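Fold and contact review
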Amino acid sequence: MRDTKDFKFMRDVMMAAINDLAAIHEDVVYLDADLSSCIGAGSFQKLYPDRFYNCGIAEGNMVAVAAGLSSAGLTPFAHSFGVFASRRAYDQAFLSVGYAKRCVHLLGSDPGVNATYNGGTHMPFEDIALMRQIPGMIVIEPSDAQSLYELTLQVYDSGKASYTRFPRKTIAHRYPLGTKVELGKGIELADGGDLAIVATGQVMVDAATKAVELLAQKGIKATLVDLHTIRPLDTALIDKVAKRTGHVLVCENGRYAGGVGEMVAGYLAKTNPVKMDFVNVGERFGEVGNLDYLTKAFGFTPEHIAEVGEALAKR
């Protein structure tokens, strides 16, 4: 197990995890869509040149190749920007990986507003919804370096296909080495009885953490859940915080339709209906800007989350 406290970018953490897996497991191979310099995959190529494949700017073909390698007994990790790893290669992900029951680990970097200056065309808000439609597909969005590292190791151990959405150039150090990070089990970061905030990914967990402090100043005690595993959903934890608070706010760097908010709402509608609200992109496309501008433009700020949370808690 590696301590990630000294890493500067999430992309380096991802490659460290894959490199460490490859050192132990000879079946691990790596594929990229001509983006190895963007993700830092040169480290893998240097260590394992015979297990590195640059498939060019052809994500559909890359995922099909990955599925073929899986059928030969290998375990591929295949990376592209999230918009291309999900939308552009979706038919291959659905059929060649999902339908054929191949163990391929798809890596979608810079999801949602993390695409920043690459703009709206490169800003996947719907990748969670797409990957949730593939039966058996694990979907994760770790919120910090240590959880990204450890969950990458765990998706390999799962033996199931997976999709990971993560930023490349930002980083958070939320969990020290030794924190229990378990695939399929969310982490409670705060414990309050008035409101439960369920957030996924670095952008939203960072903002929600500060929102909890703002709510406390107004006398509202909030539970905060880092839902790093989107699928399978940690139903036990969702039930627990819903029963504790009666009010659930879901925050995601993506679209409501098919996303985390709709998933949680659909589950609670069957088991424990509560008052709910959501922070997400709504019916909007992405746009160009730095991360600070985009989080404000889309309402992904502590202040906006606290405002929505306060209104929800008073309902």
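So, a few notes on the structure that sits alongside this text. (Residues numbered from 1 in each chain as written. Predicted model: local features only at pLDDT ≥ 70, side-chain atom pairs only at ≥ 80, totals over all residues. Heavy atoms only, no water.)

In this section: the sheet that holds strand β3 (residues 75-81). Taken together, seven strands build an open sheet; the order of strands is β2-β1-β3-β4-β6-β5-β10 and the sheet is mixed. Whereas interior strands pair on both sides, the edge strands pair on one side only; in this sheet they are β2 (52-54) and β10 (229-231). Each adjacent strand pair in this sheet contributes to an overall mean axis angle of 20°, direction not counted. Where strand β5 (residues 138-140) lies against β10, two bridges are found, and the strand directions are antiparallel. In the sheet register, Val139 faces β10, and the bridge partner there is Arg231. (Pairing = 2+ DSSP bridges. Helix = DSSP H or I, 4+ residues; strand = E, 2+ residues; numbered from the N terminus. Axes fitted to C-alpha atoms, helices over the stretch in contact; angles between N-to-C directions.)

The subject of this paragraph is the side chain of Asn280. Residue placement: Asn280 occurs in the loop between β12 (275-279) and α12 (291-297). One polar contact links the side chain of Asn280 to the main-chain amide nitrogen of Gly282, over a distance of 3.0 Å. Among residues more than four places away in sequence, those in contact with Asn280 are Glu252, Gly254, Tyr256, Phe298 and Phe300. (Polar contact = N/O pair within 3.5 Å; in protein donor to acceptor, adjacent residues only side chain to side chain. Contact = heavy atoms within 4.5 Å.)

Turning our attention to the pattern of salt bridges. Oppositely charged side chains are able to pair whenever their charged atoms sit close together. Enumeration over the complete set of coordinates arrives at 16 salt bridges. Glu126 serves as the salt-bridge partner of Arg87, at 2.9 Å between the closest nitrogen and oxygen. Placement of Arg87 in helix α5 (residues 82-88) and of Glu126 in the loop between β4 (105-109) and α7 (127-132) is noted, with a sequence separation of 39 residues between them. Given a relative accessible area of 38%, Arg87 falls into the partly exposed group. Here Glu310 makes a salt bridge to Lys314, at a shortest N to O gap of 2.9 Å. We classify Glu310 as buried; its relative accessible area is 16%. A network of salt bridges, in which partner residues are shared, links Glu188, Asp191, Lys240 and Arg244. (Salt bridge = Lys/Arg side-chain N within 4 Å of Asp/Glu carboxyl O. Buried < 20%, exposed > 50% of the residue type's maximum accessible area, 1.4 Å probe, protein only.)

Here the bond from Arg231 into Pro232 is cis, since omega is 5°, no more than 30 degrees from zero. Structurally, Pro232 is set in the loop between β10 and α10 (235-245). Backbone geometry places Asp110, a non-glycine residue, at a positive phi of 55°. Mapped onto the secondary structure, Asp110 falls in the loop between β4 and α7. Phi angles above zero are rare outside glycine, and Thr116 is one such case at about 40°.

This part takes up helix α6 (residues 90-99). Taken residue by residue, α6 has Tyr90, Ala93, Val97 and Gly98 as its buried positions. Taken down its axis, α6 places every buried residue within 85° of arc, on the same side. Against α4 (59-71), α5, β4 and α7 lie the buried residues of α6. (Arc of directions from axis to C-beta.)

This part is about the packing of aromatic side chains. Following the criterion strictly, the structure yields eight aromatic pairs and no others. Ring geometry for Tyr90 and Phe94: centres 6.0 Å apart, planes at 55°, overall tilted. Taken together, the residues span about one helical turn, with Tyr90 and Phe94 both in helix α6 at a distance of four residues. The exposure class assigned to Phe94 is partly exposed, which follows from its relative accessible area of 31%. Centroid distance Phe298 to Phe300: 6.1 Å. Interplanar angle 35°. Geometry classified as tilted. (Phe/Tyr/Trp six-rings, centres within 6.5 Å; stacked < 30°, edge-to-face > 60°.)

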